[in-house]
Amino acid sequence: MTLALPFLKKPPLVAVVRLSGAIGMTGRGSLNDTSLAPVLERAFRKGKPAAIALEINSPGGSPVQSSLIGARIRRLADELDVPVYAFVEDVAASGGYWLACAADEIWADDSSILGSIGVISAGFGAHVFLARQGIERRVHTAGKSKSMLDPFSPEKDEDIARLKGILGDIHKNFIDHVKARRGARLDLSEDLFTGEIWLGARARDLGLIDGIGHLKPKMQERYGDKVRFRRYGMRRPVWSRFGLSLAEDALGGIEERAAFARFGL
């Protein structure tokens, strides 16, 4: 039995939210705003935490989902006046770094991979293969841009130009977000927005992170040795426990492994 004594002050509480996996892809492990919304709400509101610690291990993914999750973190942080710290594990690249920038401070390991502030669109072209097999592609549209970048038809210069314009706009949104969140800490004497990646120490020198540090010792340094930790993460849907989403999870796993593999992980 625990006796609650109201005049005894409890040690500070840090809510730990794990953000691990690709962003916005298929499969139950994918990070998306809908799944994370209740997790973040509980973390920020339950027990009046002194701080939120984000454990980030993500190679990126959807720019929209990255933005939605990051914006939700900031809204809750500002509304409840709770500081947010990000702790990067193996990688916070592309959308993963977008999420890290939602924090007030970013900490990483010496060997963490960070950055990749860029946008990518990848596909394939099968029109030559179809032609060799004697297969004729037939496409009918209302609207000249409706079949833009059809992988079964030759690329068109105007489609490529249009796609580059879209990618450029998304890239600008990413750059604006990083500059707004990191501010004067960034070393803008070097071009940080080419999609390049850096390890922890170099990322610190460039202002992409605040320093080298791990979650528990850093939070003990800030909030005392007796600081309490409460962990939050996404729950598995009921149907997934009975194997009813095996195909989707398998596809999601392949997509996620491919995303991590870009960084040698």
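Looking up the protein in an unreviewed UniProt entry gives the name S49 family peptidase, with the organism given as Ruegeria sp. PrR005.

## Some thoughts on the overall build of the protein
What the protein contains, in helices and strands, is 8 helices and 8 strands. Residues classed as buried in the protein amount to 40% of the 265 residues present. For the protein, long-range pairs separated by at least 24 residues make up 74% of all intrachain contacts whose partners lie at least 6 apart in sequence. Surface exposure of the protein reaches about 15100 Å², of which carbon and sulfur atoms provide 55%.

## Brief notes about the side chain of Arg74
Looking at where Arg74 falls in the secondary structure, it is placed in helix α2 (residues 63-80). Here Arg74 falls in the buried class, since its relative accessible area comes to 14%. Aside from chain neighbours lying at most four places away, what touches Arg74 is Val84, Ala102, Ala103, Asp104 and Arg181.

## Side note on helix α7 (residues 215-223)
Those residues of α7 that sit buried are Leu215, Lys218 and Met219. Taken around the axis of α7, the buried residues stretch over an arc of 95°, which confines them to a single face. Among the structural elements, β1 (13-20), β2 (51-58), β3 (84-93), β4 (105-108) and β8 (228-232) are those in contact with the buried residues of α7. Just downstream of α7 lies Gly224, where phi reads positive at about 100°.

## So, the nonpolar core
Among the nonpolar cores identified, the biggest contains 45 residues, and Val17, Leu19, Phe44, Ile52, Ile73, Tyr97 and Leu208 are the most heavily contacted of them. Secondary structure elements with two or more residues in this core: β1, α1 (33-45), β2, α2, β3, α3 (95-100), β4 and α5 (157-182). By residue number, the principal contributor to this core is α1, which donates 5 residues. Listed in part, the 10 residues of the second largest apolar core include Val16, Ala53, Leu215 and Val227.

## Here's the deal with the pattern of salt bridges
Side-chain pairing between opposite charges can occur once the charged atoms of the two side chains come close. Enumeration according to the criterion identifies 17 salt bridges in this entry. Glu55 is the salt-bridge partner of Arg231, the closest N and O atoms lying 2.4 Å from each other. Here the residue Arg231 occupies a position in strand β8, and Glu55 occupies one in strand β2, the gap between them amounting to 176 residues. Taking the relative accessible area as the measure of exposure, Arg231 reaches 55% and is therefore exposed.

## Focus on the side chain of Asn32
Tracing the sequence through the fold places Asn32 in the loop between β1 and α1. Judged by relative accessible area, Asn32 falls into the buried class, the value being 19%. Here Ser35 takes part through its backbone nitrogen, which lies 2.8 Å from a polar atom of the side chain of Asn32. Not counting residues within four places of it along the chain, the set of residues in contact with Asn32 comprises Gln65 and Ile69.

## As for the packing of aromatic side chains
In this structure the tally under the stated criterion is 2 aromatic pairs. Geometrically, the ring pair formed by Tyr85 and Tyr223 is edge-to-face, given 6.4 Å between the ring centres and 80° between the ring planes. One end of the pair, Tyr85, is in strand β3; the other, Tyr223, is in helix α7, with 138 residues separating them in the sequence. The exposure class assigned to Tyr85 is buried, which follows from its relative accessible area of 8%. Consider the rings of Trp98 and Phe174, whose centres lie 5.2 Å apart with planes at 40°: the pair is tilted. Here Trp98 is found in helix α3, whereas its partner Phe174 is found in helix α5, with 76 residues between them in sequence.

What counts and what doesn't
- Residues numbered from 1 in each chain as written.
- Predicted model: local features only at pLDDT ≥ 70, side-chain atom pairs only at ≥ 80, totals over all residues.
- Heavy atoms only, no water.
- Helix = DSSP H or I, 4+ residues; strand = E, 2+ residues; numbered from the N terminus.
- Buried < 20%, exposed > 50% of the residue type's maximum accessible area, 1.4 Å probe, protein only.
- Contact = heavy atoms within 4.5 Å.
- Areas by Shrake-Rupley, 256 points an atom, 1.4 Å probe, with all protein chains shown as cover.
- Arc of directions from axis to C-beta.
- Core = buried A, V, L, I, M, F, W, Y, C linked by side-chain atoms within 4.5 Å.
- Salt bridge = Lys/Arg side-chain N within 4 Å of Asp/Glu carboxyl O.
- Polar contact = N/O pair within 3.5 Å; in protein donor to acceptor, adjacent residues only side chain to side chain.
- Phe/Tyr/Trp six-rings, centres within 6.5 Å; stacked < 30°, edge-to-face > 60°.

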